[in-house]
Number of protein chains: 4
Amino acid sequence: MNKDGVKIVTIGGGSSYTPELVEGFIKRYDHLPVKELWLVDIEAGREKLETVGALAKRMVKKAGVPMKIILSYDRREALKDADFVTTQMRIGRLPARVLDERIPLSHGMIGQETNGAGGMFKAFRTIPVILDIVKDIEELCPNAWLINFTNPAGMVTEAILRYTNFKKAIGLCNVPVNMVAGFAKMLNVDESQVTMQIQGVNHFIFATDVFVDGVSRFDELLNQYAHLKPEDTIQMKNFVSLPYSPSFIKGLKAIPCPYHNYYFFTKEQLEEELEQFKTGTVRGEVVSKTEEELFELYSHEELQEKPEQLAMRGGAKYSDAACNLIASIYTNKGDIQYVDVRNNGAIADLPMDSAVEVACRITANGPQPIATGTLKLPISGYVQMMKTFERLVIEAAIKGDRDLAVTALNMNPLCPSDEIANTVIDELLEAHKDYLPQFFNK
Amino acid sequence: MNKDGVKIVTIGGGSSYTPELVEGFIKRYDHLPVKELWLVDIEAGREKLETVGALAKRMVKKAGVPMKIILSYDRREALKDADFVTTQMRIGRLPARVLDERIPLSHGMIGQETNGAGGMFKAFRTIPVILDIVKDIEELCPNAWLINFTNPAGMVTEAILRYTNFKKAIGLCNVPVNMVAGFAKMLNVDESQVTMQIQGVNHFIFATDVFVDGVSRFDELLNQYAHLKPEDTIQMKNFVSLPYSPSFIKGLKAIPCPYHNYYFFTKEQLEEELEQFKTGTVRGEVVSKTEEELFELYSHEELQEKPEQLAMRGGAKYSDAACNLIASIYTNKGDIQYVDVRNNGAIADLPMDSAVEVACRITANGPQPIATGTLKLPISGYVQMMKTFERLVIEAAIKGDRDLAVTALNMNPLCPSDEIANTVIDELLEAHKDYLPQFFNK
Amino acid sequence: MNKDGVKIVTIGGGSSYTPELVEGFIKRYDHLPVKELWLVDIEAGREKLETVGALAKRMVKKAGVPMKIILSYDRREALKDADFVTTQMRIGRLPARVLDERIPLSHGMIGQETNGAGGMFKAFRTIPVILDIVKDIEELCPNAWLINFTNPAGMVTEAILRYTNFKKAIGLCNVPVNMVAGFAKMLNVDESQVTMQIQGVNHFIFATDVFVDGVSRFDELLNQYAHLKPEDTIQMKNFVSLPYSPSFIKGLKAIPCPYHNYYFFTKEQLEEELEQFKTGTVRGEVVSKTEEELFELYSHEELQEKPEQLAMRGGAKYSDAACNLIASIYTNKGDIQYVDVRNNGAIADLPMDSAVEVACRITANGPQPIATGTLKLPISGYVQMMKTFERLVIEAAIKGDRDLAVTALNMNPLCPSDEIANTVIDELLEAHKDYLPQFFNK
Amino acid sequence: MNKDGVKIVTIGGGSSYTPELVEGFIKRYDHLPVKELWLVDIEAGREKLETVGALAKRMVKKAGVPMKIILSYDRREALKDADFVTTQMRIGRLPARVLDERIPLSHGMIGQETNGAGGMFKAFRTIPVILDIVKDIEELCPNAWLINFTNPAGMVTEAILRYTNFKKAIGLCNVPVNMVAGFAKMLNVDESQVTMQIQGVNHFIFATDVFVDGVSRFDELLNQYAHLKPEDTIQMKNFVSLPYSPSFIKGLKAIPCPYHNYYFFTKEQLEEELEQFKTGTVRGEVVSKTEEELFELYSHEELQEKPEQLAMRGGAKYSDAACNLIASIYTNKGDIQYVDVRNNGAIADLPMDSAVEVACRITANGPQPIATGTLKLPISGYVQMMKTFERLVIEAAIKGDRDLAVTALNMNPLCPSDEIANTVIDELLEAHKDYLPQFFNK
C-alpha cells in the first residue's frame, strides 16, 4: 500500500455509477484516505468521462477532502503503483446489452446479462479485455487488488483465477447486500446486524442461514418468506414480483436470490419480457434512457452530490459495496462481506479452483471464505448446473470456440432447444463481431 | 443358489413383456437352467396373468425344456427361496400412466414416466411397494438378487439402496443396450463387439467412450454422430427424431441417450406431445392400445412363441437384458453390462451411495462398476441436477412430503414455473390418491 | 443466554487450572458478566475442590466483582440452565496418566496423553463420561455451549459430534495460542497482531500461513524457522528442544506444532523419556509433584490471586483461551480463534463430519471455520493417518472393542510392532480396568 | 498392433528374470504370437545380456516357436514400431541396491527398495531414465504399451502419468499374484478361481475382499488369517515370517501384503536386518550371490529351459504376470489383473491422477480399474501417508530437490528422526552421485 494515501484506479470511470463510488470514498475518508482516484475510460467514452469526472471533482471539493480526481485515457499510465483497481467497464456499451436481450427474445428465449445467452456474450466480450487488464496490473502494480464489478462478475473472476497467475482478483455484486437489506427489513432489525450464509455462484445464490447479531433466525425468516406477499418480495428492477409458493420455500429450506426468477418463474418472466420486446422496453432500453437522464443531470454545474435518481438505476449499492470491500481490506477489518472468490473448499462439492459467491471474512490478505460444507441437497444440482454453464462459457470465451458456446447454452435450462441455441448464437456472434476477435480472427 | 436349478420369481408377471422374458430363459437354458419361473400378480391382474401364463406354458412346452411355469397371486408364497426376483409391475396400470402424461401436458409441461412430473408420480406409487417387496425378500429369500425394471428404475434402485439394508438390488433399463445396438450399426460391426463407457443416471446417460473389440473408436463415432441424418438417430418410439447439431455434439464430446430429447429439444418435443394430447395419442394411450392387441394375440391357443409384434411395444430388449444379467451372475461371466447400481465412486463426483447407470463387470457377487473418473465437464452440471431431482423425489416418495415434491419439480428444467409445479402436483396427487397413501394417510 | 448474567459450569472444578479460569473471568467481567461460576467435582476430589474453591472465592472478593462461586458435587443440579459448560476433568486423575506413560515406555514405546497409547487410553476413560455429560446437558441446559479442554480434546469433541445429536460442543487446546505467542516473538510483534492458518487435528497441527495485521509474513517466518537455534524453539514442558533441519522445514512449507517432536524426533524423544522412566520423572510424575506444590500454595488463606507458579504447570493459557472463547461467543465478536470443530469442509480432504483444529471466526452462533482448501501436500498423509487413528480410537472407546484398539495402535507410527501393541494394550486395559466398563462389562 | 505378429522390446534385457519372460511368451505363443523379442541393455551389461540372450535363443529353438530373439545396445533402434515395451532395468545394478539397504541400516533405519530410504533413492535413479525412455517411445512407437516392472513400480508409473502426456504406461508387481496364490492355498482352491479386491499403492496394498468363482469368501479367509501359524504366512524371501495378531486382523477387516511387515513389525524386521547388516547378508548381497549362480547356470550351453533355481530369486511370477498382462491386452480378454494405473476414482479418496494398485479389467484399451469406493477406514490413513510419501519422492526425483527428499523421509514411519533423515540422505546422495545428475548438476 502507498504509505501516504491510497491510489485507486477505476476502469470504466465514465460509468453512470461513478458518483456513488466517489461518494463512498468521501464518506469513508477518515479510515480510507484516498489520495488519488483515477477515472480511466476509452476515447469513445470521452464525453461521459468528462461529465462524470467534472461532477466527481465538484463532489470532492464540496466535501472538502484532499482526494485528487484524475481523468485518463491511458490505462497503463493510470495503473502505475495503484493500490486498488476497480473495473466497471461495459464492452460495446448499452447498445450491446440491448442486443444481448433482444436477439434471444426474438427466438422466444430469455436473454439477460447474468447467465443466459446475454450473459454468455457479455462474458465473451469482457473476458479478453479483463485478461489484458490483468497483464497490465501484473506489470505495473502487481500488489494491487482488483475489484471487478463488470458482469458477469462470477465468470469474469473465474476467468482470471483459472487463466492467469494473478491471485488478488475479487468479484463483486450488489445482490447479496440487497438480500441483507431485505432480510433486515423482514426481521425488523438494522442491516448492520444481519449476516448470511450463502451458497452458489454469482447471480445464482441461495441464503442458507441468516443471523441477527450472530444468532441464527433462519427458521423464522424461512417461514415468513414462505408466506410472502408480492409487494414484500425483494424488489429488483428487472423482475416480475412473484413470491414463491410456500411449498417450494419449505422444501428448499433456502431463500433464492431475485435472479432465480429467470429459472423458477421462467414462463411468467418470459411473457413479461416478450411484452417489453414488443414495446421496446427491454431492460437495456430502459436503462439507456435512464442513463441519458442521469448524464443530463450530471452535467449541471450546480450538482455537487450524487443525485437521488441514481438509486433508480438498478445497480444501486454496487459501488458502495466496492468501497466497503476496499475499506475492509485497507483496515484489515475482519468483517463479513459476500464476494466472488476462489472456492478453496468453502462449498465442498464445487471445484476448489472455481469462483463461488460466499460469505468471507475480509482481511488485509483478502477475503477468507467461511466453510459452508456441501451444497444443501435441494439446491445442489441446479448450482452445479450453473457452475458447469459458467465453466463452458469461460472456456469458449478464451478459445473463441463456437461449439462450446452451443453446448453451454444447451446446458442452460432457459434454452428451449438445440436448434434455437444455434440460431441465437449465430445471430449474437454476428451482432457483436467487432468485440469478439477470438471467434473471428483465428 | 438352488443346486438343482434356478428359481426365478417375476412380480408383475401378467405384463405383456413376459413372453420375451420366457423366451430369454428358454434360449439360455443350457447355461442358466431355470427350474421354476413364478409369475406373480395381483388379483386385479388375474385375466392378464392367466393369458400370458398360458402362453408361457405353451412356449416352454414347445421348446421342450424342463422349466416349470407357476402362476401365483400370493407374493410371499412365491418368494420363498427364490434365487432371482424380477420386478416389472406397474402400480395403477396404464391408466395411471396416461394421467402422468396428460395432466402435465394440460398445463404445458412435458409429462413422461422417466424423470419429469410423470416419472415423479410413478416413483411415488412404486417406491412404497418395492420397499414392501424388499421386506419380504429379506425374510423369505435373503440371498436372492432383485432385478428391477419397473420405471423409474434408477430412483427405485436408489430408494432400496438408501432406505433398506438390502444390498442385492440391481436396476435395469433397455436404453444402454439400444445405444449399443445403434452404435454397432453406425460402426458396421456386430453388437457383441461393442462396449461403452457411460456416465449418468437412468434415462439420463451419456456415452463417453465406445469400444469395438476393446479398442476405442469414439472419435470416429462422435464425428459421425455430429453429422447424423434424422433417419439415422437411435430410434425410440416416444421421441421426435431430430439429430443434434454438429456443434452441440462436438462441444459435448459425449453422445446423449434418446431421452435427452426431453431436455435438449424441449420445444419440439413439447409441441409434438401437445398434438398427441389433443388427439388422444399420448404414449400411454398408444401403448394401451398395443397392449390390448398383444393380449388378444397372446390368447390364441396356437401361439407358442413370442409374437413379432411385441418388438413394437417400446420396451423391447428389456426382458432380454434381464435374462442376460441373470445368466452372467449365475455363471460368474465377467462380461460388461450397463445397470443401475450403488455408485461406489464409479462416477467420482456423484454421491458414493447413490444409484448410477454405468458399465459394470457382472460377477457371481453382482455388478462391479468400472471407475469412470469425474463427470466429463460438459455433462457434469446437468447430470448433477438430475441426480438431485431424483434424490428429492425419492425422499418425497418415502415421507409423503408435498413440499419436497414441489421443490423437486421446480428443480427440473422441464417445469415452466413454480406456479405450474404446484398446480400439476395437486392434480396428480388427487388423480392418484388411491396409490399414494403416504401423502394422504398421515 | 441468561439475561441477568452468564451462568458457567466447570466440570472438574477441582483442577489446579481453575485459578487461571477464575482470573480470566474476573478480568473480562466488563464484557462477560459471569453471575455464577459453578465448580463441580466428584466426591473423591472434595479436598481439592474445597481448596481451589476457597481460593476462587478470595480472588473474586479481592477483585470486587459480583461473581458468585458455587461448589457442587451434584453435576445435574449444577447444569440446570447453564449458558456455558467447561469440562476439564481427568478420569483416574494423575495416577492414571502416570500409567499411560510408564506402561508403553516399559515396552520401548512413547506413551503420551495426546495421541499415542496413552492418549488412546485417556480417550477410552473420558469418552463414556463426556457422553453422559452431554446427555445431561441435552436435558438440563440444551442451549448451553460445551467447551471441552479435557484431553485428547480432538477425539473427545469428535466423539460428541459423531455419537450424539448435540452440536454445540467445541474442543480447545493451548497449543495454537502458544504457537501464536512464539511466532509473535519471532516476528517481534504483539501477539494480538498475529493470526494463523492452521491445518490438522488436535495436537497435530501445522501452521500453513501466518499473518501480522492480516498480511502474510509466512515466507519470512518459514525462513527463520528453518534456521532456528534450539533455545528459540517454541518451548513446551514435555519436549526435547530440538530445532528441525532447514531442509525439512523448507520442504514442508509448514511449521509443525511442538507435539510433532513425538513423530519427527521419535528416537531422541524416546531416549529422553526412557531416561525419565528410569528416574521416575515421566511427565505425569513431574506434574503430580507440581500439583501438590500448587495445592499447598492454594491453601494459604492470604493467597488472593492466581500464583505465578501455575504458569509452570504446562497447561498455561488453556483456561485463558477458554475465557476468550466464551467471551467472543457471548459478545458475537467475530475474532479468529483456533478450536476443534466439525470440519464442514474447512480442510477439504478430511471427512466433513470429523473434528479438525482450524482457525475459526467466533460468533454468537459458534465458531465458523475458515476454508483452508485441501491439506498441503507434504503434511497431507500424516494428518490423514492421525485422523484415522483418532477415528479408530473413538470407535473402540464407544464399543469397548479391543480389536479396534490394537488396529488403531498399529496404525500409529509410534508403535514399534503388532506384538508390542497387543502387550501394551493388555497391560493398560488391566491397569485402568475400573474406568473402562465398556471393555469389561459386556 | 503389428499385423503379422507382436513386437516386444525388453529394456534391461540382461536381467536374470529374462528366462521367465521368454518362457512366458513361449507358452502363450498360440494366442500371443510374438514375432520379435528385442532384449536391450547398456554396454556395461553386455556380458549378462549375451549370456541370457543365448539362453533365450536356445529356449525358443527348443520350443520350436518362430519367435525371433534380438539383442541390442541401441534402445532407439529397438523401440521402432514396438507393440509392447517392458522395462526391468536396474540403474546402478545390484551394488546400488546394497548401498540403498546398508546405508540406512548403518543408522538404525530399515533400508529397502520399495518405499523407505532405499526405495526413495531407487526412484531418484530410475525416474529420469524412465522419462527418457517415454520420450523415445512417444517418438518411435507412440501406440506401444509400456509395462514397467522396475521398482518402485508405483512411483515410476505415477512419475510417467504426472510428468508426461503418455497414457499407456502400466506398472506391475508380483505381490498381488503371490497373494492370490497364498489365498488359493488357504481356501484350498485353484489360483485361477480366485480374484481379489485390493486397495492401496504398490508394495502397500490390502486385500479388502476375496472371491472364489466370483463369490466372496472374505469373512472365512479373514478368520483363517487372524489365526495363522508363522509357517502359513505368505512367504516372501525378504521378510520375517510373523503372523499378525488375531485382534489386528479382526480390527483391520483387511489382509495386509507381505511388505507391511516393514511397518507393522518394524522392530522385529529391523532387528533381523541389523543382523544381516553385520553378517553381510542384506537382501541385495544375497541376491547378488544368487544372480552370480544364476548366470553361471545360464551360461551352460545344454540349458534350454528356465532353470528351477530362478524361482528362488525372489521376483518369481513377475515376468509371468507381465506376459499375462500383455496377452490380455492383445486378446482383449477382459480378465481381472492387479496393476498400477491412474486411479481415476477407483479408490475414491486418493487423487484421481495418482497411480494406485487395484484390480482392473484388462482390455485392448488397457486396464479398466474397478471402483472400490473409499479406502476402508482402518487402512485409510496409512495408505494416504504412503501416497504422500510417494508424491514427495517423485517430485524430489524430478526436481533434484534435497529438501523435499528430507521431508519425504521424515513423513515415512520407518524414519526414526529428522536428524537421521538428513544424515542418511546425505550419505546416499554421495554414494549414488553418478546416477543422480538432477541433484548435482543444477
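Under an unreviewed UniProt entry, the name given to chain A is 6-phospho-beta-glucosidase, and the source organism is Massilimicrobiota timonensis. Turning to chain A, the UniProt annotation filed under Sequence similarities (unreviewed entry) states: "Belongs to the glycosyl hydrolase 4 family."

Caption draft 1: Spatial organisation of the overall build of chain A. Each helix and strand counted, chain A has 17 helices and 13 strands in total. Scaling as 2.2 N^0.38, a compact globule of 442 residues should have a C-alpha radius of gyration of about 22 Å, and chain A matches this with 21 Å. A total of 442 residues make up chain A; the buried ones form 59% of that total. Long-range pairs, those at least 24 residues apart, make up 69% of the contacts in chain A with a sequence separation of at least 6.

Caption draft 2: Local environment of the relation of the copies chain B and chain A. By a simple turn and slide, chain B fits onto chain A: the slide is 0.0 Å along the axis, the RMSD is 0.0 Å, and the turn is 180 degrees. Read as a symmetry element, the transformation amounts to a two-fold axis. In terms of proximity to the rotation axis, the leading residue of chain B is Pro-413 of chain B, whose C-alpha is 2.7 Å off the axis. Of all interface residues in chain B, 100% are interface residues in chain A too; the two copies therefore contact each other through one and the same surface.

Caption draft 3: Examining the interface of chain B and chain A more closely. If you look at the interface, chain B gives 38 residues, while chain A gives 38 residues. Elements represented by at least two residues in the side of chain B that touches chain A include exactly α9 (246-252), α11 (266-279), α14 (377-399), α15 (402-410) and α16 (418-431) of chain B. Looking at side-chain class alone, the side of chain B that touches chain A contains 18 nonpolar, twelve polar and eight charged residues.

Caption draft 4: Looking closely at the arrangement of the chains. Where chain B comes nearest to chain C, the C-alpha atoms are still 14 Å apart, and the two do not contact one another. For chain A and chain D, which are not in contact, the least C-alpha distance works out to 14 Å.

Caption draft 5: The UniProt feature "binding site: substrate" (unreviewed entry) in chain A, seen in detail. Residues and elements named next belong to chain A. Here the UniProt-annotated "binding site: substrate" (unreviewed entry) positions come out as Arg-97 and Asn-151. A maximum C-alpha distance of 11.0 Å is found for the annotated residues, which run over 55 residues; spatially they form one tight group. Looking at where Arg-97 falls in the secondary structure, it is placed in helix α4 (residues 93-106). The contact partners of Arg-97, leaving out residues within four places of it in the chain, are Glu-113 and Gly-284. Topologically, Asn-151 is positioned in the loop between β5 (145-148) and α6 (153-163). For Asn-151, a count of 25 C-beta atoms within 10 Å gives the class buried. Here Asn-151 is in contact with Glu-113, Thr-114 and Lys-122, once residues within four sequence places are set aside.

Caption draft 6: Layout of the environment of Ala-327 of chain C. Residues and elements named next belong to chain C. Structurally, the position occupied by Ala-327 is in helix α13 (residues 318-331). Once the C-alpha coordinates of Ala-327 and Leu-131 are considered, the two residues, 196 residues apart in sequence, prove to be 25 Å apart. When near neighbours in sequence (up to four residues on either side) are disregarded, Ala-327 contacts Arg-28, His-31 and Leu-32.

Caption draft 7: Summary view of the interface of chain B and chain D. Contacts between the two partners involve 22 residues from chain B, matched on the other side by 22 residues from chain D. For the side of chain B that touches chain D, the elements supplying multiple residues, two or more each, are β9 (215-216), β12 (355-363) and β13 (366-369) of chain B. Here the side of chain B that touches chain D is built from residues that sort into nine nonpolar, eleven polar and two charged.

Caption draft 8: Local environment of the pairing of strand β5 (residues 145-148) of chain B. All names here are of chain B. What you see with β5 is no split at all: Trp-145 and Ile-147 on one side and Leu-146 and Asn-148 on the other are buried throughout. Pairing of strand β4 (residues 84-87) with β5, which is carried by four bridges, proceeds in the parallel orientation. Paired with Thr-87 across the two strands is Asn-148, which belongs to β5. Where β5 and strand β6 (residues 169-171) come together, three bridges link them in parallel fashion. Paired with Leu-146 across the two strands is Ala-169, which belongs to β6. With respect to chirality, the unit in which β5 leads through helix α6 (residues 153-163) into the neighbouring parallel β6 is right-handed.

Caption draft 9: A look at the packing of helix α14 (residues 377-399) of chain C against helix α15 (residues 402-410) of chain C. All names here are of chain C. Two elements in contact, α14 and α15, have axes separated by 8 Å at closest approach and are oriented at 160 degrees. When the axes of α14 and α15 are compared, the pair comes out roughly antiparallel. α14 and α15 meet at a crossing whose hand is left-handed. Across the interface between the two elements, Phe-389, Leu-392, Val-393, Glu-395, Ala-396 and Lys-399 from α14 touch Leu-404, Ala-405, Thr-407 and Ala-408 from α15. When its residues are assigned to classes, the contact of α14 with α15 shows seven nonpolar, one polar and two charged.

Caption draft 10: Expanded view of the UniProt feature "site: Increases basicity of active site Tyr" (unreviewed entry) in chain A. All names here are of chain A. Under the UniProt annotation, the feature "site: Increases basicity of active site Tyr" (unreviewed entry) is placed at Glu-113. Note that Glu-113 resides in the loop between α4 and α5 (117-140). Apart from residues lying up to four places away in sequence, Glu-113 is in contact with Arg-97, Asp-100, Gly-118, Gly-119, Lys-122 and Asn-151.

Caption draft 11: Spotlight on unusual backbone geometry. Look at the link from Asn-151 of chain B to Pro-152 of chain B: it is a cis peptide, with omega at -10 degrees. Summarising the element assignment, Pro-152 of chain B is placed in the loop between β5 and α6. With phi around 50 degrees, Asn-332 of chain B is a residue other than glycine that occupies positive phi space. Within the fold, Asn-332 of chain B resides in the loop between α13 (318-331) and β11 (336-342). Of note, the phi angle at His-203 of chain D is positive, near 65 degrees, even though the residue is not glycine. Tracing the backbone through its elements, the reader meets His-203 of chain D in the loop between β7 (194-201) and β8 (204-212). C-beta crowding within 10 Å serves as the criterion here: with 24 such atoms nearby, His-203 of chain D is assigned to the buried category.

Caption draft 12: Just helix α12 (residues 283-298) of chain C, in detail. All names here are of chain C. In this model α12 runs 22 Å from its N-terminal to its C-terminal C-alpha over 16 residues, within 8% of the 22 Å that 1.5 Å per residue would give. Residues Arg-283, Gly-284, Val-287, Leu-294 and Tyr-298 constitute the buried set of α12. The buried residues of α12 occupy one face: seen down the axis, they fall within an arc of 80 degrees. Across α12 from its buried face, at more than 90 degrees, point the exposed residues Lys-289, Glu-292 and Glu-296. If you follow the buried residues of α12, they end up packed against α2 (46-63) and α4 (93-105).

Caption draft 13: Up close: helix α6 (residues 153-163) of chain D. In terms of residue burial, α6 of chain D counts as a mostly covered element, since nine of its eleven residues are buried. Buried within α6 of chain D we find Ala-153, Gly-154, Met-155, Val-156, Thr-157, Glu-158, Ala-159, Ile-160 and Leu-161 of chain D.

Caption draft 14: Quick look at the environment of Glu-273 of chain D. Residues and elements named next belong to chain D. Here Glu-273 shows up in helix α11 (residues 266-279). Residue Glu-273 is classed as buried on the basis of its C-beta count, with 24 C-beta atoms lying within 10 Å. Each C-alpha atom of the pair Glu-273 and Ala-63 lies 42 Å from the other, and the pair is 210 residues apart in sequence. What Glu-273 contacts, discounting residues up to four positions off in sequence, is Leu-105, Ile-110 and Val-282.

Caption draft 15: Up close: the environment of Ser-16 of chain C. Residues and elements named next belong to chain C. Of note, Ser-16 is situated in the loop between β1 (6-11) and α1 (18-27). Assessed through the 23 C-beta atoms surrounding it within 10 Å, Ser-16 is described here as buried. For Ser-16 and Leu-310, which are 294 residues apart along the polypeptide, the C-alpha to C-alpha distance reads 7.9 Å. In contact with Ser-16, not counting residues within four places along its chain, are Glu-291, Leu-294, Phe-295, Leu-310 and Arg-313.

Caption draft 16: Local environment of the packing of helix α1 (residues 18-27) of chain B against α13 of chain B. Residue and element names in this part refer to chain B. Orientation of α1 relative to α13, taken along the N-to-C sense of each, is 35 degrees, at an axis distance of 8 Å. Seen from above, α1 lies across α13 with right-handed handedness. Listed contacts from α13 to Glu-20, Leu-21, Gly-24 and Phe-25 of α1 are Ser-319, Asp-320, Ala-322 and Cys-323. Taken together, the residues of the contact of α1 with α13 sort by class into four nonpolar, two polar and two charged.

Thresholds, definitions, all that
Residues numbered from 1 in each chain as written. Chains lettered and ligands numbered in written order. Predicted model: local features only at pLDDT ≥ 70, side-chain atom pairs only at ≥ 80, totals over all residues. UniProt positions renumbered as here; feature names shortened; annotations may be inferred. Helix = DSSP H or I, 4+ residues; strand = E, 2+ residues; numbered from the N terminus. Rg over C-alpha atoms; globule rule 2.2 N^0.38 Å. Buried ≥ 20, exposed ≤ 12 C-beta atoms within 10 Å, placed from the backbone. Contact = placed C-beta atoms within 7 Å. Least-squares fit on C-alpha atoms with pLDDT ≥ 70 in both. Nonpolar A, V, L, I, M, F, W, Y, C, P; charged D, E, K, R; others polar. Pairing = 2+ DSSP bridges. Right-handed = clockwise from strand over helix to strand, strands pointing away. Axes fitted to C-alpha atoms, helices over the stretch in contact; angles between N-to-C directions. Parallel < 35°, antiparallel > 145°, perpendicular 65-115°, else oblique. Left-handed = near helix turned anticlockwise from the far one by under 90°. Expected span 1.5 Å × (residues − 1). Arc of directions from axis to C-beta.

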